[in-house]
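Descriptive analysis of the structure
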Amino acid sequence: TFGSGESDESANLIRLLIQAVETPPEVNLGRPVIYCNRKVRTWLRIMVNEKSNVYLSLDEYGGKKVLTFDGIPIKRCDKILTTESKVG
């Protein structure tokens, strides 16, 4: 589980994000946004801080720091649970 330091699970998280970004259901539906819960977003921020991945960055939009994955903003939604079934 998340919480034990950089691990295979954090690498799996990046792989899953790549798969999600590369296989959208409809490409022309507007601007993509990634939603995740606090735990996942925390791990992504740790990975940005450790510079362990080139896809993740903290960009600045309108004077605010925004976590992005491959240029796609990542927003927190605490209603998403890590215990939910995989969609897919």
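As shown above, the structure is provided for reference.
Quick summary incoming for the structure in this document. Note that the structure is predicted; figures quoted are calculated from it, not measured.

A closer look at unusual backbone geometry
What is expected of a backbone is that most residues other than glycine have negative phi and most peptide bonds are trans. The phi dihedral of aspartate 70 is positive, around 55°, even though this residue is not glycine. Summarising the element assignment, aspartate 70 is placed in the loop between strand E3 (64-69) and strand E4 (72-76).

Concerning the pattern of salt bridges
Per the stated rule, a full pass over the model turns up two salt bridges. Residue arginine 38 pairs with aspartate 78 through a salt bridge whose shortest N-O separation is 3.0 Å. Taken as a pair, arginine 38 in helix H2 (residues 38-49) and aspartate 78 in the segment after E4 lie far apart in primary sequence, 40 residues in all. Given a relative accessible area of 44%, arginine 38 falls into the partly exposed group. According to the relative accessible area criterion, aspartate 78 is partly exposed, its value standing at 40%. Through salt bridges with shared partners, a single ionic network connects Arg38, Arg76 and Asp78.

Examining H2
Between the first and last C-alpha of H2 there are 16 Å, a value that for twelve residues agrees with the 16 Å anticipated at 1.5 Å per step. The complete set of buried residues in H2 reads Val40, Trp43, Leu44, Met47 and Val48. Looking down the long axis of H2, one finds its buried residues gathered within 145° of arc, a one-sided arrangement. N-capping of H2 is provided by asparagine 37, with a side-chain oxygen placed 3.2 Å from the backbone N of lysine 39.

The rules we used
Residues numbered from 1 in each chain as written. Predicted model: local features only at pLDDT ≥ 70, side-chain atom pairs only at ≥ 80, totals over all residues. Heavy atoms only, no water. Helix = DSSP H or I, 4+ residues; strand = E, 2+ residues; numbered from the N terminus. Salt bridge = Lys/Arg side-chain N within 4 Å of Asp/Glu carboxyl O. Buried < 20%, exposed > 50% of the residue type's maximum accessible area, 1.4 Å probe, protein only. Expected span 1.5 Å × (residues − 1). Arc of directions from axis to C-beta. Polar contact = N/O pair within 3.5 Å; in protein donor to acceptor, adjacent residues only side chain to side chain.

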